[in-house]
Amino acid sequence: MAFDIDMIEKVYANFASRVEAARKVVNKPLTLTEKILYAHLWDGEATEAYERGSSYVDFAPDRVAMQDATAQMALLQFMQAGRPKVAVPSTAHCDHLIQAKVGAEEDLSRANSESKEVFDFLGSVSNKYGIGFWKPGAGIIHQVVLENYAFPGGMMIGTDSHTVNAGGLGMLAIGVGGADACDVMAGLPWELKFPKLIGVKLTGKLNGWTAPKDVILKVAGILTVKGGTGAIVEYFGEGATSMSCTGKGTICNMGAEIGATTSTFGYDESMERYLRATNRNQVADGANKIKAHLTADPEVYANPEKYFDQVIEINLSELEPHLNGPFTPDLATPVSKMKEEAVKNDWPLRVEWGLIGSCTNSSYEDLSRAASIARQAIDKKLVTKSSFGINPGSEQVRYTADRDGLLKTFEDLDATIFTNACGPCIGMWDRVGAERQERNTIVHSFNRNFAKRADGNPNTCAFVASPEMVAAIAISGRLDFNPITDTLTNADGQEVKLDAPHGDELPTKGFAVEDAGYQAPAADGSNVEVIVSPTSHRLQLLEPFKEWEGTDLTGLKLLIKAKGKCTTDHISMAGPWLKFRGHLDNISNNMLIGAVNYFNEKTDSVKNQLTGEYGPVPATQREYKAAGIGTLVVGDENYGEGSSREHAAMEPRHLGVRAVLVKSFARIHETNLKKQGMLALTFSNPADYDKIQEDDTIDIIGLTTFTPNQALEIVLHHADGSKDQFKVNHTYNAQQIEWFKAGAALNIIRKNISA
Ligand code: F3S
């Protein structure tokens, strides 16, 4: 049994009394989110009410999940912490390092040889420290977690921003950096700012071509990529309970795209069905016993405006299928408007690829609904106009879909079945011709569509849609195809229409699998050896970062003033760089190479103040480091949005950047910077961004009296001898200030363990 029933039973045994204690201190009816949060306080039963959006609270998550790209750094850090075993059930999943090229079998075997060293490292660290290990090909982390580990009312953290997917099974699952995962695995509390609450009331029922994906595509259009920042989204209403569990997972998954801390749904029959179908009767029975606590108090949903900070209502009966993009997941276009929008915006109408998969949409139900469209295309003698690729979410889904003929249907339509892995979703896609960088359109069922995300081509316009819409559009080959109204010409020259998709929420014959790809850890791992070669290009044991020198930081040089969007992809690009995720020095060669330099509008081209020459960002920073000069990175709004990868914080730290000063931060990235001992600062007055000049030398004043809620000061020494001085804010609490002083949070953990 992969899941830990003892842990779940313990959570359920305490749940009612903890909710009761919370109700007393909060003194009003509770949302589901509040119940789960208060049931997971590090100190046990609640003794005070926390203020949403401002109180920092210590929690005790039930589980940790890690994917291979981020697990390397998380586990390298955990090894530094000096513990013999993880303190909470944890798993590692090999899904990010498998490139999609020709098809599942060949791609997997190539990945197994190319990344052998990394997979062996993860397998042996997992074995040693009591971590469940999911081998390459076992599936995408969030599908595997939903199938095996997520449970209603639980709290989980994961080193991937789409950890939030587990909200589909009524969990609070939150994406974090490897440093946070390391803390929790080391038995320490996990700190989170008590979130604000957004309620989304779903009325009506999905029908026709509309899928759960369209709910979140619509929500993303309403809230934008920043609208969920600092908030947990709780879905409720008749529309919520009428949806499948994996459909709910899709909605929660893309909560990451609106910046939400996480999203969740109350426990209902769809979740019970899913738990039982995935062999977890004990979990379902346990959840049933405390059912009333696994959803909000009835007054909350009856009067949501009173209990949530913001409420959105969506009528599913009227919802249309959407296509969001290109280049940002919140540019929402209903399918009926695509014809005019595509022409107006000059989006290429011909669709080159339709891709189904990713942790967002690779469940059995997703494949079965998309296959129903594929089947019609075959029966109606239609030929797919676009190339077509499928990544099943897990080996269990793949095996079952294969048994039930779904994969054969796709193959009959010339689709390529890729490995049960992330593949194109994380840029691990050897797309033929991408290097020509031609402007083109693709449609996929993934969650992210930033420039270059899937194929590295900045001119690929990627649109996000439900799997069934991707299937229909790939068959038509046109972005502006509306399957609800339009016809297609078949091989006999007849005009035919696609009927609305249908599918099975769960396989009627049940799930099946021969080898799910799971390796249980050794009962006693003390003799298991973890090997990291000192000459490896992929893995490097970590050295602790240096302590703060105890003075203000003076004489810093401006490394880059980034303009506009600067996501973690811009700061630490994925794709080809994934292979260096376990080697800090090597991966640092991608630092900020995607960020646009404000002064010349170019990427990876900044002025080296020591030479006056322009050069790549990492090389320029290495020269400053060699000269013993610290630097400052300046950014715009929502800096670091996107993912939880702490490399985006560790690389600047490793190369000698001392502070990041921006108009606003994405939450996870801000925390990651703090964990690594960096200064994460925001302009008190965002207009001060304009005062930063290319040749500035910078001082950061106030560090010797660094205190929570007290602004620091920036002094800009401009090249012409003039000066500017202004206040900058920070959100460090007392503990986080200690991290800064110690050089990193991990330095404190190690000290505490050895003390
Ligand atoms: Fe993988 Fe893409 Fe999800 S990278 S974890 S499938 S967002």
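Quick caveat: nothing in here was measured; it's all calculated off a predicted structure. (Residues numbered from 1 in each chain as written. Predicted model: local features only at pLDDT ≥ 70, side-chain atom pairs only at ≥ 80, totals over all residues.)

Colleague: Explain the overall build of the chain here, please?
Modeller: Helix and strand counts for the chain come out as 26 helices and 30 strands. The C-alpha atoms of the chain give 25 Å as radius of gyration, which agrees with the globular expectation for 755 residues (27 Å, within 12%). Dimensions of the chain, computed from C-alpha atoms along their principal axes, come out at roughly 75 × 60 × 55 Å. Per-residue burial over the chain gives 58% buried out of 755 residues. For the chain, restricting intrachain contacts to residue pairs at least 6 apart in sequence, the fraction spanning at least 24 positions comes to 78%. (Helix = DSSP H or I, 4+ residues; strand = E, 2+ residues; numbered from the N terminus. Rg over C-alpha atoms; globule rule 2.2 N^0.38 Å. Buried ≥ 20, exposed ≤ 12 C-beta atoms within 10 Å, placed from the backbone. Contact = placed C-beta atoms within 7 Å.)

Colleague: Explanation requested: helix α8 (residues 212-223) in the structure shown.
Modeller: Quick reminder: α-helices carry 3.6 residues per turn. Residues three or four places apart thus point the same way. Spanning 12 residues, α8 covers 17 Å between terminal C-alpha atoms, matching the ideal 16 Å at 1.5 Å per step. Within α8, 10 of the 12 residues are buried, which leaves it mostly tucked inside the rest of the structure. Those residues of α8 not exposed but buried are Pro212, Lys213, Asp214, Val215, Ile216, Leu217, Lys218, Val219, Ala220 and Leu223. Those residues of α8 hidden inside the fold are in contact with β8 (196-203), α10 (245-253), β11 (310-315), β12 (322-324), β13 (332-334) and β18 (460-464). Thr224 sits one or two positions beyond α8 and adopts a positive phi of about 65 degrees. (Expected span 1.5 Å × (residues − 1).)

Colleague: Honestly, the sheet that holds strand β30 (residues 723-729) in this entry has me stumped. Any pointers?
Modeller: Sheet strands pair via backbone hydrogen bonds, and the direction of the pair is either parallel or antiparallel. Reading around the circumference, β22-β25-β26-β27-β30-β29-β28 is the order of the seven strands in this closed barrel, with mixed pairing throughout. Averaged over all neighbouring strand pairs, the angle between strand axes comes to 40 degrees, with direction disregarded. The pairing of strand β29 (residues 712-717) with β30 spans six bridges and is antiparallel. From the neighbouring strand, Leu712 faces β30, where its bridge partner is Val728. Across the sheet, helix α22 (residues 617-626) lies against β22 (553-561), β25 (631-635) and β26 (657-662), angled at about 170 degrees from β22, the strand it touches most. (Pairing = 2+ DSSP bridges. Axes fitted to C-alpha atoms, helices over the stretch in contact; angles between N-to-C directions.)

Colleague: For this particular structure, what's the right way to read the sheet that holds strand β9 (residues 231-236)?
Modeller: Spatial ordering of the open sheet is given by β10-β9-β8-β11, a layout of four strands whose pairing is parallel. With partners counted over all chains shown, the strands left at the sheet margins are β10 (262-265) and β11, one partner each. Within the sheet, the average angular offset between the axes of one strand and its neighbour, ignoring direction, is 20 degrees. Pairing geometry for β9 and β10, over four bridges, is parallel.

Colleague: Help me out: how do you make sense of the environment of Gln693 in this one?
Modeller: Within the fold, Gln693 resides in the loop between β27 (679-683) and β28 (697-701). A tally of 17 C-beta atoms within 10 Å means that Gln693 is categorised as partly exposed. Between the C-alpha atoms of Gln693 and Leu716, which are 23 residues apart in sequence, the distance is 8.5 Å. Excluding its chain neighbours within four sequence positions, the residues that come into contact with Gln693 are His718 and Ala719.

Colleague: Just checking my understanding: could you explain the nonpolar core for this structure?
Modeller: Membership of the largest hydrophobic core comes to 233 residues, with the highest contact counts inside it found for Leu122, Phe410, Val470, Ile473 and Leu661. Among all residues touching Phe410, those that are not within four sequence positions of it are Ala371, Ala374, Phe388, Ile390, Ala415 and Ile417. (Core = buried A, V, L, I, M, F, W, Y, C linked by C-beta atoms within 7 Å.)

Colleague: Help me understand the confidence of the model for the chain, please; the structure alone is not making it clear to me.
Modeller: Regions with low pLDDT should not have their predicted coordinates read in detail. Looking at the chain as a whole, its pLDDT mean stands at 96, while 99% of the residues score no less than 70. Scoring of the predicted complex yields 0.88 for pTM and 0.98 for ipTM. (pLDDT = per-residue confidence, 0-100.)

Colleague: What is the right way to read the UniProt feature "domain: Aconitase A/isopropylmalate dehydratase small subunit swivel" (unreviewed entry) in the chain from this model?
Modeller: Per the UniProt record, "domain: Aconitase A/isopropylmalate dehydratase small subunit swivel" (unreviewed entry) is found at residues 558-685. The span residues 558-685 shows a helical share of 28% and a strand share of 19%, and its end C-alpha atoms are spaced 19 Å apart. (UniProt positions renumbered as here; feature names shortened; annotations may be inferred.)

Colleague: How do you make sense of the packing of helix α1 (residues 5-26) against helix α12 (residues 281-289) when you look at a structure like this?
Modeller: Helix-helix packing is characterised by the crossing angle of the two axes and by the distance between the axes. Two elements in contact, α1 and α12, have axes separated by 10 Å at closest approach and are oriented at 5 degrees. Compared by their axis directions, α1 and α12 come out roughly parallel. Where α1 approaches α12, its residues Ile5, Ile8, Glu9 and Tyr12 are matched on the opposing element by Gln282, Val283, Gly286 and Lys289. Each residue belonging to the contact of α1 with α12 can be placed in one class, and the counts come to four nonpolar, two polar and two charged. (Parallel < 35°, antiparallel > 145°, perpendicular 65-115°, else oblique. Nonpolar A, V, L, I, M, F, W, Y, C, P; charged D, E, K, R; others polar.)

Colleague: It is not clear to me how the site of the ligand should be interpreted in this structure. Could you clarify?
Modeller: Around the ligand sit 14 residues, and of these Ser358, Cys359, Cys422, Cys425 and Ile426 come closest. Looking at the shell around the ligand residue by residue, the classes come out as seven nonpolar, five polar and two charged. (Near = placed C-beta within 6 Å.)

Colleague: I tried to follow the domain arrangement of the chain on my own but got confused; where do I start?
Modeller: Reports often express the size of an interface as the amount of accessible area lost when the parts come together. With domains assigned, the chain is organised as domain 1 (5-317), domain 2 (320-496) and domain 3 (553-754). A C-alpha centroid distance of 27 Å is found between domain 1 and domain 2. Each partner contributes residues to the interface: domain 1 has 41 residues there, and domain 2 has 45 residues. Within the residue set of the side of domain 1 that touches domain 2, elements represented by two or more residues are α4 (104-114), α6 (141-148), α8 and α10. (Domains from an automatic or database assignment.)

Colleague: Hey, could you run me through the pairing of β22 in this one?
Modeller: A regular strand places its side chains on the two faces of the sheet in alternate fashion. Looking at chain direction, β22 and β28 are connected through three bridges and run antiparallel. Paired with Lys557 across the two strands is Thr697, which belongs to β28. Bridging between β22 and β25 involves four bridges; their strand directions are parallel. Looking at β25, one finds that Lys561 is bridged to Val634.

Colleague: What's the story with unusual backbone geometry in this structure? I'm lost.
Modeller: Glycine aside, residues mostly have negative phi, and peptide bonds are mostly found in the trans state. Of note, the bond from Gly325 into Pro326 is cis; its omega dihedral lies within 30 degrees of zero at -5 degrees. Mapping Pro326 onto the fold places it in the loop between β12 and β13. Non-glycine residue Asp414 carries a positive phi angle of around 65 degrees. By the element assignment, Asp414 lies in the loop between α18 (406-412) and β16 (416-417).

Colleague: How do you make sense of the environment of Gln725 when you look at a structure like this?
Modeller: Take Gln725: it is sitting in strand β30. Taking the C-alpha atoms as reference points, Gln725 and Glu341, 384 residues apart in sequence, are found 46 Å from one another. In this structure, Gln725 is in contact with Glu713, Ile714 and Val715, ignoring residues within four places of it in sequence.

Colleague: Please explain the environment of Thr159 as it appears in this structure.
Modeller: Mapped onto the fold, Thr159 is located in the loop between β5 (155-158) and β6 (172-175). The buried category is assigned to Thr159, around which 31 C-beta atoms lie within 10 Å. A C-alpha to C-alpha distance of 39 Å links Thr159 and Lys339, two positions 180 residues apart in sequence. For Thr159, the contacting residues outside a window of four places in its chain are Met66, Gln67, Thr70, Ala71, Ala74, Val176, Gly177, Gly178, Ala181 and Ser644.

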